[in-house]
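Close look at the chain arrangement
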Amino acid sequence: MAAVKAKNIQDTEALLHSGVNKVELDWEIDRDDFFHLASHWCERGAKITRSQHHFVLSVKGFAIPPND
């Protein structure tokens, strides 16, 4: 599955919360945003890898909680 590109941290968060499993961070991410994403999403089982040009955040088995 190809990664969906995000242009900023807000796009990244929105895509991940909507259930997209693989997001390419298609911008020059600063260390604060990187560590925010890493601490929040890696705690939930995500992995961050480096592609040729950008970081890719992948979430496997992420279940969206029911909307009560």
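Model, not experiment: these values are computed from the prediction.

Observations concerning the overall build of the protein
- Within the protein, the regular secondary structure consists of two helices and four strands.
- The helix and strand sequence of the protein, counted from the amino end, reads β-α-β-α-β-β.
- For the protein, the residues scored as buried account for 31% of the 68 residues in total.
- With an accessible surface of roughly 4800 Å², the protein has 52% of that area assigned to carbon and sulfur atoms.

Description of the pairing of strand β4 (residues 55–58)
- Bridge count for strand β2 (residues 22–25) against β4 is four bridges, and the pairing is antiparallel. Residue pairing for β4: valine 23 is matched across the bridge by leucine 57.
- Direction of pairing for strand β3 (residues 47–50) relative to β4: antiparallel, over a ladder of four bridges. Residue arginine 50 lies in a different strand from β4, and its bridge partner there is phenylalanine 55.
- The antiparallel hairpin formed by β3 and β4 contains four residues in its connecting segment.

Things to note about the sheet that holds β3
- Within the open sheet, the four strands sit side by side as β1-β2-β4-β3. Their pairing is mixed. Sheet topology places β1 (4–6) and β3 at the edges, where each strand pairs with a single neighbour. Sheet twist, expressed as the mean angle between neighbouring strand axes with direction ignored, is 30°.
- Here β1 runs beside β2; their pairing, made up of three bridges, is parallel. Across the sheet, residue valine 4 finds its bridge partner in β2, namely valine 23.
- Sitting on the sheet, helix α1 (residues 9–17) touches β1, β2 and β4, and the angle it makes with β1 is about 145°.

Re the packing of aromatic side chains
- Counted under the stated rule, the structure contains two aromatic pairs.
- Measuring from centroid to centroid gives 5.6 Å for phenylalanine 34 and phenylalanine 35, while their planes differ by 90°, and the two rings are edge-to-face.
- With centroids separated by 5.0 Å and ring planes inclined at 55°, the aromatic side chains of phenylalanine 34 and phenylalanine 55 adopt a geometry described as tilted. Of this pair, phenylalanine 34 sits in helix α2 (residues 31–42) while phenylalanine 55 sits in strand β4, placing them 21 residues apart in sequence.

Calculation criteria
- Residues numbered from 1 in each chain as written.
- Predicted model: local features only at pLDDT ≥ 70, side-chain atom pairs only at ≥ 80, totals over all residues.
- Heavy atoms only, no water.
- Helix = DSSP H or I, 4+ residues; strand = E, 2+ residues; numbered from the N terminus.
- Buried < 20%, exposed > 50% of the residue type's maximum accessible area, 1.4 Å probe, protein only.
- Areas by Shrake-Rupley, 256 points an atom, 1.4 Å probe, with all protein chains shown as cover.
- Pairing = 2+ DSSP bridges.
- Axes fitted to C-alpha atoms, helices over the stretch in contact; angles between N-to-C directions.
- Contact = heavy atoms within 4.5 Å.
- Phe/Tyr/Trp six-rings, centres within 6.5 Å; stacked < 30°, edge-to-face > 60°.

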